[in-house]
Amino acid sequence: MSEKTNVMRILEQKKAPYRSHQYGQGGAVSGKEAAAILGEDPARVFKTLVTEGKSGANYVFVIPVACELDLKKAAKAVGEKSVHMVPQKELFPLTGYVHGGCSPIGMKKYFRTTVHETAAQFDTILFSAGKVGYQVEVSPEDLKKAVRYELADVVE
């Protein structure tokens, strides 16, 4: 792959081994479509969702692409009364990432991050490399070198 993203640079800086994948130059595709294009099990391909809690704090949830975030479980996992998705227009100013290219690594500032517990079942998981059409494949253990996270059941 010719182009390196900030996510890849951060993984290299943290000495976290990764593989990069690219899936086309078009606009954002759904996570399920990306998994199909890459020939990957959708259970191993994760999407990054940014939420805001009732307290006003932001939280990041990394879940399998074929799943939906359960807002009640997500709120409970981070100790909030409730959480809601950050509106798409607020995503870039908040994180530095666009919709479809949001990664848990390298946001403008650190937000408490929760990865769905199924990630622990896999040797490696895939998620956005911080740019639409780019994915990185990292072991859940090596992901810890780049971002602090906890595991929880946060999907419907």
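This section reports on the structure supplied with the text.

**What to know about the overall build of the protein**
- Along the backbone of the protein there are 5 helices and 8 strands.
- In sequence order, the protein lays out its α and β elements as α-β-α-β-β-α-β-α-β-β-β-α-β.
- Expressed along its principal axes, the backbone C-alpha trace of the protein runs to roughly 45 × 35 × 30 Å.
- For the protein, the residues scored as buried account for 47% of the 156 residues in total.
- The contacts of the protein with a sequence gap of at least 6 include a subset with a gap of at least 24, amounting to 62%.

**Digging into the state of the cysteines**
- If you walk through the whole model with that rule in mind, you get 0 disulfides.
- Here C67 is not disulfide-linked; the sulfur of C102 is the nearest cysteine sulfur, at 18 Å.
- In this structure C102 comes out as buried when scored by relative accessible area, which is 6%.

**With respect to the sheet that holds strand β4 (residues 83-85)**
- The 5 strands are arranged β4-β2-β3-β5-β8 in an open sheet whose pairing can be described as mixed. Looking at strand neighbours, the two that pair on one side only are β4 and β8 (150-152), the edges of this open sheet. The mean angle between the axes of side-by-side strands here comes to 35°, regardless of whether they run parallel or antiparallel.
- Looking at chain direction, strand β2 (residues 46-53) and β4 are connected through 3 bridges and run antiparallel. Pairing of G53 across the sheet is with V83, part of β4.
- Those strands touched by helix α3 (residues 71-78) are β3 (58-64), β4, β5 (112-116) and β8, and its axis lies near 125° from that of β4.

Definitions and limits used
- Residues numbered from 1 in each chain as written.
- Predicted model: local features only at pLDDT ≥ 70, side-chain atom pairs only at ≥ 80, totals over all residues.
- Heavy atoms only, no water.
- Helix = DSSP H or I, 4+ residues; strand = E, 2+ residues; numbered from the N terminus.
- Buried < 20%, exposed > 50% of the residue type's maximum accessible area, 1.4 Å probe, protein only.
- Contact = heavy atoms within 4.5 Å.
- Disulfide = S-S within 2.5 Å.
- Pairing = 2+ DSSP bridges.
- Axes fitted to C-alpha atoms, helices over the stretch in contact; angles between N-to-C directions.

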